[in-house]
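So you can see what is in the structure, the chains are spelled out below.
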Amino acid sequence: MTTETDLSKRLRELRARIDAVDGEIVRLLKERLDVALEIGRAKAEAGQDPLDPAREQEVIRNILSRNGGAFPAESLKAVFTEIISACRNAQRPERVGYLGPEGTFSHLAATRFFGHAPELLPVPEITEVFDGVARGRMDHGVVPIENSVEGSVAQTLDGLVEFDVKVCGEVFLPVSHALMNRSGRLEDIRRVLSHAQSLAQCRMWLRRNLPGIPVEAVGSTAQAAARAAEDPGAAAIAAPAAAERFGLRIVAEGIEDYAGNTTRFLVLGRNCPGPTGNDKTSLLLSLENRPGALYRTLKPLADRSINLTKIQSRPVKNEPWRYLFFVDLAGHLSDPDIRDGVAAVEEGCASLKWLGSYPAGEPLAA
Ligand SMILES: O=C(O)C(=O)C[C@]1(C(=O)O)C=C[C@@H](O)C=C1
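Quantities reported herein were computed from a predicted structural model and do not represent experimental measurements. (Residues numbered from 1 in each chain as written. Predicted model: local features only at pLDDT ≥ 70, side-chain atom pairs only at ≥ 80, totals over all residues.)

J.: I would appreciate a short explanation of the site of the ligand in the present structure.
T.: Around the ligand, the neighbouring residues are A36, I39, P50, L51, D52, R55, E56, V59, I84, C87 and R88. Only α1 (4–45), α2 (53–67) and α3 (73–91) provide two or more residues apiece to the shell around the ligand. Taken together, the residues that form the shell around the ligand break down as seven nonpolar, no polar and four charged. (Near = placed C-beta within 6 Å. Helix = DSSP H or I, 4+ residues; strand = E, 2+ residues; numbered from the N terminus. Nonpolar A, V, L, I, M, F, W, Y, C, P; charged D, E, K, R; others polar.)

So, in C-alpha cells, the structure goes:
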C-alpha cells in the first residue's frame with residue numbers, strides 16, 4: 001500500500017519535472033517573442049499591419065499537424081491563439097472595438113479571434129465599431145454579420161456600405177442562450193429582456209415555457225443581464241457566462257429554438273491579408289433596375305465555376321425599390337480567376353465595392 005509519505009515524495013518528484021518543463025516552455029516563449037518582435041520591426045519599416053490572419057492560420061495548422069493528437073487539439077489551439085495574441089500585441093499594442101458591453105457574443109467572438117492580449121473597446125452601437133476603425137481610433141473591429149436562424153444584421157450591412165473599411169477575417173461562433181434571473185426560478189419571471197436577435201432565436205421556447213410573459217428588446221444581451229440583476233421580476237436571455245458576470249442564476253440553458261445556432265462575425269481593419277488557399281472575397285454591387293440584371297452581372301462568376309457562399313440584398317435607402325447586393329465568394333482577389341471574374345462583374349454593374357478578401361473561418365465547436 002502506498003503511504004501518504006510515499007505519495008508526497010512521488011508528487012514532489014513529478015512536480016519538479018513539471019516545473020522544469022514549464023521553465024523550458026517559458027524560455028522558448030521568450031525566444032519566440034524576440035523573433036516576433038524582429039518581424040514586427042520589419043513590418044513597421046515596410047508600413048505593414050502586425051496582424052496577418054493568413055499566417056496565424058498557418059501557424060495553428062502546423063502546430064496541430066505536429067501534435068499527432070497527443071495533446072487535446074482545442075486546448076492546443078487556445079494556447080497558441082494566446083501566444084500569438086501576446087506576440088502580436090507586443091509588436092504593436094492593438095485596440096479592437098466590438099459591440100459591448102463585456103459579456104456579449106461579440107465580446108466572445110473578439111477574444112476567439114484576437115485572444116486576450118489586445119485592448120478591447122466595447123461600444124454601444126455597431127456603427128461606432130465601423131467609425132472607430134475607419135478613423136483609426138481602433139486597429140480592428142468585430143461585428144456580427146449574420147445568424148444561422150435570424151439571417152443578416154442590417155446595421156452591419158449598412159456599415160459596409162457607408163464606411164471605408166476592409167473585411168480582414170471572419171469568426172463563426174456557436175450561440176447557445178441561457179435564461180437567467182436573480183432567484184434562478186421560472187415562477188419569478190414577469191418579463192424577459194434581451195437583444196432583439198436573441199429573443200427571436202428563442203421565440204418558440206418562450207412561447208412554450210413562459211406563455212403570456214412580455215418580452216422587451218434592449219441594446220445587448222449583457223445590458224439585459226445588467227437590468228435583470230437590478231430587478232427581481234426581470235429575466236435576461238444571454239450567454240451562460242453572463243450569469244456569473246452579473247451575479248445571476250441560470251433558470252434554463254440551451255433555450256435556442258434550433259440546434260447549431262451560429263453567428264458569423266466579420267473582423268474589420270484597414271488592410272486585407274494575403275491568400276491562404278482557403279479564402280473568401282466580399283463584394284458590394286449596385287445594379288441597374290433591369291430584368292435579368294442580377295443574372296447577367298453574376299454570370300461571369302458562374303462561367304468560371306466560382307462558388308458564391310452568400311448573396312443578400314439591402315434596399316437603397318433614398319431610392320425605393322432599388323437594391324444593393326452583398327456577395328461573398330470562395331477565393332481571394334489575388335487569385336487570377338477571381339480577379340478576372342470580379343473585373344467582368346464590375347463591367348456589368350452600376351458600381352462594385354471590394355469589401356475585402358480574407359481567410360475563411362471555420363465553424364467552431366461550442
Ligand atoms: O509571422 C508574422 O508575420 C508575425 O508577425 C508573427 C505572428 C506570430 O506570433 O506567429 C504574429 C502576428 C501575425 O498576425 C502572425 C504571426
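After that view of the structure, there is still more to cover.
J.: Explain the domain arrangement of the protein chain here, please?
T.: For interface size, the figure often reported is the accessible area lost on association. Examined at the domain level, the protein chain breaks down into domain 1 (4–90), domain 2 (95–174), domain 3 (178–253) and domain 4 (272–359). Its C-alpha centre places domain 2 at a distance of 22 Å from the equivalent point of domain 4. Contact residues are listed per partner, giving nine residues for domain 2 and 13 residues for domain 4. Listing elements by their share of the side of domain 2 that touches domain 4, those giving two or more residues are α6 (154–162) and β5 (166–174). Broken down by class, the residue content of the side of domain 2 that touches domain 4 amounts to five nonpolar, two polar and two charged. (Domains from an automatic or database assignment. Contact = placed C-beta atoms within 7 Å.)

J.: Help me understand the pairing of strand β12 (residues 279–286), please; the structure alone is not making it clear to me.
T.: As a general feature of sheets, a regular strand has side chains that alternate between the two faces. Most of β12 sits inside the fold, with six of its eight residues counted as buried. Alignment of β12 against strand β15 (residues 351–359), held across eight bridges, turns out to be antiparallel. Looking across to β15, one finds that D279 is bridged to P359. Where β12 meets strand β14 (residues 323–330), seven bridges bridge the pair, whose relative direction is antiparallel. Each bridged residue has a counterpart across the sheet, and for S286 the counterpart in β14 is L324. (Buried ≥ 20, exposed ≤ 12 C-beta atoms within 10 Å, placed from the backbone. Pairing = 2+ DSSP bridges.)

J.: Is there a simple way to think about the environment of E128 in this case?
T.: Inspection of the secondary structure puts E128 in helix α5 (residues 126–135). For E128, a count of 20 C-beta atoms within 10 Å gives the class buried. Put simply, E128 and P336 are 208 residues apart on the chain and 35 Å apart in space, counted from C-alpha to C-alpha.

J.: What's the story with the packing of α2 against α3 in this structure? I'm lost.
T.: Running from amino to carboxyl end, α2 crosses α3 at an angle of 140°, the nearest separation of the two axes being 10 Å. Relative to α3, the element α2 lies oblique. Along this stretch, α2 crosses α3, giving a crossing that reads as right-handed. Mapping the contact onto sequence places E56, V59, I60, I63, L64 and N67 in α2 and A73, L76, K77, F80 and I84 in α3. Of the residues belonging to the contact of α2 with α3, the class tally is eight nonpolar, one polar and two charged. (Axes fitted to C-alpha atoms, helices over the stretch in contact; angles between N-to-C directions. Parallel < 35°, antiparallel > 145°, perpendicular 65-115°, else oblique. Left-handed = near helix turned anticlockwise from the far one by under 90°.)

J.: Explain the sheet that holds strand β10 (residues 249–253) here, please?
T.: Each strand in a sheet pairs with its neighbour through backbone hydrogen bonds, running either in the same direction (parallel) or in the opposite one (antiparallel). Spatially, five strands are ordered β8-β7-β9-β6-β10 in an open sheet, and the strand pairing comes out mixed. Edge positions in the sheet fall to β8 (215–217) and β10, since each has one partner strand and no second. Across the sheet, the axes of successive neighbouring strands diverge by a mean angle of 30°, strand direction being ignored. As judged from the three bridges shared by strand β7 (residues 191–194) and β8, these two strands associate in the parallel manner. Paired with V192 across the two strands is V215, which belongs to β8. Running over the sheet, helix α9 (residues 221–230) touches β6 (178–181), β7 and β9 (234–238) and is turned about 155° from β9.

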